[in-house]
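An overview of the molecular structure
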Amino acid sequence: MGVLGAAAAAGGIGLIGVIIIIALYFIPTIVATSRKVTNAGSVFVINFLLGWTLVGWAVALAMAVKSKTPQVVVVQSPIPLPGCVKSGTGLLPGQQFCSNCGAPRSSAN
Ligand SMILES: [Zn+2]
């Protein structure tokens, strides 16, 4: 006999039992807000309105634990420098001659 059973045996569910049930009911919302998922609002709406159906509760929980939108890592490529006239190879700063064909850089004249 668990906490709920003991509380029920003590006469009704009791305040603690109600709190536990509410906490269990809103686990999807709690998970969503603690994970700071972007659709936490949707999770709460589904949890609140449809959570009493087991399906709605499961859907809300699934949304809550859904992996977040992957962060787009923007790799800043260096600004291409004036390169070789012949091969178009980009040259490093200070590099005066092409490493491919040995021609002087285009901006050097
Ligand atoms: Zn070249």
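Residues numbered from 1 in each chain as written. Predicted model: local features only at pLDDT ≥ 70, side-chain atom pairs only at ≥ 80, totals over all residues.

Attention shifts here to the overall build of the protein chain. Assigned secondary structure in the protein chain consists of five helices and zero strands. Overall, the protein chain shows an N-to-C arrangement of helices and strands of α-α-α-α-α. Residues counted as buried form 12% of the 109 residues belonging to the protein chain. Contacts in the protein chain between residues far apart in sequence, at least 24 positions, make up 23% of those at least 6 positions apart. (Helix = DSSP H or I, 4+ residues; strand = E, 2+ residues; numbered from the N terminus. Buried ≥ 20, exposed ≤ 12 C-beta atoms within 10 Å, placed from the backbone. Contact = placed C-beta atoms within 7 Å.)

Positive phi is not limited to glycine here, since K36 has a value of about 55 degrees. Here K36 shows up in the loop between α3 (27–35) and α4 (40–50). With 8 C-beta atoms counted inside 10 Å, the residue K36 sits in the exposed group.

Next up on the list: α4. Among the residues of α4, V43, F44, I46 and N47 are the ones counted as buried. Its buried side turned inward, α4 meets α3 and α5 (54–65).

Next up on the list: the nonpolar core. Grouped together as the largest cluster of nonpolar side chains are six residues: A32, V43, F44, I46, A60 and A64. When contributions to this core are tallied by element, the ones reaching two or more residues are α4 and α5. When residues no more than four places from it in sequence are discounted, the contact partners of A60 are P28, V43, I46, N47 and G51. (Core = buried A, V, L, I, M, F, W, Y, C linked by C-beta atoms within 7 Å.)

The next subject is the environment of G83. As for its position among the elements, G83 is in the segment after α5. Once the C-alpha coordinates of G83 and Q96 are considered, the two residues, 13 residues apart in sequence, prove to be 9.6 Å apart.

Look at α3 against α4: their axes get within 9 Å of each other, and the N-to-C directions meet at 175 degrees. Our classification of the angle between α3 and α4 gives roughly antiparallel. Residues P28, T29, A32 and T33 of α3 touch α4, and the partners they reach there are A40, V43, F44 and N47. Of the residues in the contact of α3 with α4, the class split is five nonpolar, three polar and no charged. (Axes fitted to C-alpha atoms, helices over the stretch in contact; angles between N-to-C directions. Parallel < 35°, antiparallel > 145°, perpendicular 65-115°, else oblique. Nonpolar A, V, L, I, M, F, W, Y, C, P; charged D, E, K, R; others polar.)

Within α3 the residues assigned to the buried category are P28, T29 and A32. Burial along α3 is one-sided: seen end-on, the buried residues are contained in an arc of 95 degrees. Looking one or two residues past α3, K36 carries a phi angle of roughly 55 degrees, positive in sign. (Arc of directions from axis to C-beta.)

So, about the packing of α3 against α5. Their axes nearest at 8 Å, the elements α3 and α5 cross at an angle of 10 degrees. Regarding the angle of α3 to α5, the classification is roughly parallel. Counting all contacts with α3, which are made through I27, P28, V31, A32 and R35, the residues of α5 involved are W57, A60, L61, A64 and V65.

Its place among the elements puts C98 in the segment after α5. When the C-alpha positions of C98 and S87 are compared, they lie 8.4 Å apart, and in sequence the two are 11 residues distant. Leaving out residues up to four positions away in the same chain, C98 has contacts with C84, K86, S87, T89, L91 and A103.

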